[in-house]
Amino acid sequence: MSWGSSHAKQTMVDSIAALPGRGTPTPVASKNLVLGAPMGSAGGLCDWGPGRHAVILGGGCFWGVEEIMWQVPGVYTTAVGYAGGYTPNPTYEEVCSARTGHAEAVLVVFDEARTNLEAILRIFFETHDPTQDMRQGNDVGTQYRSAIFTCSPADVRTARAVAERFTPALSAAGYGAITTEIGELGDIGDGQFYYAEDYHQQYLAKNPAGYRCHAATGVNFPS
């Protein structure tokens, strides 16, 4: 199988065949360029202190997904990275090879007093096409898959319930089944979120005319 082919890039790599990666994390800025909040937490990826909640979303090219999310009222911070794969501390080039198993993903941390997980996920489902399998628009490959990686089993249940509520509206508009991968982060791949290189962080704030891929369906989430 040629890993350069479109078909190969849409096939999840086996953990044994994944690239070896490295033990050193990728250095990134300490604060979100747009929101001014930290991009990391001393308590770990899922512990941002009382009143804050985290979820990791994959909806295609992470530049555009992060731009959408940092504009959502109640979002405290965002960061882009790689999740759901096997290669430790992968590079962007390695992820693009489809040999790490990672999805381009966005860490979204929000204030629970201002919004909630369901509201975040409604925006997420409306702003990409969750029915496309291993791609978004012309971006083809496992790195572009739709995914929701949560910090708890309760959040998995919430995500699945939100997806189920959106399904009839998509079907009525002629779309197929939702293909979004939903699971607790610790149970998928090696269970880690790896921060992407610093030039990817808040990329569209640094490059306002940069590439955006929003293969949205145009279907509104039902009231």
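Residues numbered from 1 in each chain as written. Predicted model: local features only at pLDDT ≥ 70, side-chain atom pairs only at ≥ 80, totals over all residues. Heavy atoms only, no water.

(A) Looking closely at the state of the cysteines. Tallied over the full model, the rule gives one disulfide. The disulfide bridge from C46 ends at C151, spanning 1.9 Å between sulfur atoms. Note on the C46 and C151 pair: the S-S dihedral is about -75°, so by sign convention the disulfide is left-handed. Highlighted residues: C46 in the loop between α1 (6–9) and β1 (52–59) and C151 in the loop between β6 (146–150) and α5 (153–172), separated in sequence by 105 residues. Here C46 falls in the partly exposed class, since its relative accessible area comes to 41%. Relative accessible area serves as the criterion here: at 22%, C151 is assigned to the partly exposed category. No disulfide involves C96; its sulfur sits 9.2 Å from the nearest other cysteine sulfur, which is in C61. (Disulfide = S-S within 2.5 Å. Helix = DSSP H or I, 4+ residues; strand = E, 2+ residues; numbered from the N terminus. Buried < 20%, exposed > 50% of the residue type's maximum accessible area, 1.4 Å probe, protein only.)

(B) Main features of the side chain of N32. With respect to the helices and strands, N32 occurs in the loop between α1 and β1. In terms of polar contacts, N32 uses its side chain to reach the backbone amide nitrogen of V34, at 2.8 Å. Once residues lying within four places of it in the same chain are set aside, the contact partners of N32 are A37, M39, E66, T77, T78 and Q202. (Polar contact = N/O pair within 3.5 Å; in protein donor to acceptor, adjacent residues only side chain to side chain. Contact = heavy atoms within 4.5 Å.)

(C) Representation of the packing of helix α4 (residues 117–126) against α5 in the model. Where α4 meets α5, the closest approach of the two axes is 10 Å, and the angle between their N-to-C directions is 45°. Classified by the angle their axes make, α4 and α5 are oblique. By crossing handedness, the relation of α4 to α5 is classed as right-handed. Between α4 and α5, the residues in contact are L117, E118, L121 and F125 and D155, T158, A159, V162, A163, R165 and F166, respectively. (Axes fitted to C-alpha atoms, helices over the stretch in contact; angles between N-to-C directions. Parallel < 35°, antiparallel > 145°, perpendicular 65-115°, else oblique. Left-handed = near helix turned anticlockwise from the far one by under 90°.)

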